[in-house]
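# Architecture at a glance
These are the residues of each chain, in order.
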Amino acid sequence: MTLATIGSEYHVGIITADLDRAMTEVGALLGVRWADVIDGVPAAALLAPGGQTGGLLRAVHSWGGPPCVELLEGEPDSVWFTDQLATLHHHAYWADDIAGSVERLQRDGWSLEVTMPDGSGAPSSFAYLTKPGLARVQLTDASRRTDTLARLGWTV
């Protein structure tokens, strides 16, 4: 199965130990400007099947583009934590059906790493999946695509 069967490409995510410094350094390296920094996601809103994860502290997206880049800074016990300035974290895709897409990827050997569950506990909003030997994948609810792209000036 290819990820193109799940949805269209969204962005590349990079984790950082210092969001402000990474905005300066990565921004200069890639030649991008940044949108407004946004607050992250508290740990209580997340589900990690392998155990509890810490929260996301702050995030920022490149403005315009391509490239379409997301920088993330997380709590020490989170999936977003690193002691590095910039480390590749994930490749994101839009998905019309997060829960269904997660199920399809799990049948293909992917493991759900963390998600923001809906009221019934099913993956919704976003999900990270991993598979040995491959880069982490993020699925993002495609219903947010138009508003997100307009807010970030992305023409993907």
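It should be noted that the structure appears before, not after, this text.
Residues numbered from 1 in each chain as written. Predicted model: local features only at pLDDT ≥ 70, side-chain atom pairs only at ≥ 80, totals over all residues. Heavy atoms only, no water.

Next up on the list: the pattern of salt bridges. Within the structure shown, the criterion is met by 5 salt bridges. The shortest N-O distance in the salt bridge between Arg136 and Glu113 comes to 2.5 Å. Note that Arg136 is positioned in the loop between strand S8 (123-130) and strand S9 (137-141) and Glu113 in strand S7 (residues 111-117), a separation of 23 residues in sequence. Using a relative accessible area of 23% as the deciding quantity, one classes Glu113 as partly exposed. If you follow the salt bridges from partner to partner, you end up with Asp20, Arg58 and Glu73 in one network. (Salt bridge = Lys/Arg side-chain N within 4 Å of Asp/Glu carboxyl O. Helix = DSSP H or I, 4+ residues; strand = E, 2+ residues; numbered from the N terminus. Buried < 20%, exposed > 50% of the residue type's maximum accessible area, 1.4 Å probe, protein only.)

Among the nonpolar cores identified, the biggest contains 13 residues, and Val102, Leu105, Leu129 and Leu139 are the most heavily contacted of them. Elements with a contribution of two residues or more to this core: strand S6 (87-95), helix H2 (98-107), S8 and S9. Take this core: its biggest share by element is 3 residues, from H2. If you look at the next biggest cluster of nonpolar residues, it comprises 12 residues, including Ala48, Ala59, Leu72 and Trp80. (Core = buried A, V, L, I, M, F, W, Y, C linked by side-chain atoms within 4.5 Å.)

Don't take any of this as a statement about function, it's just geometry.
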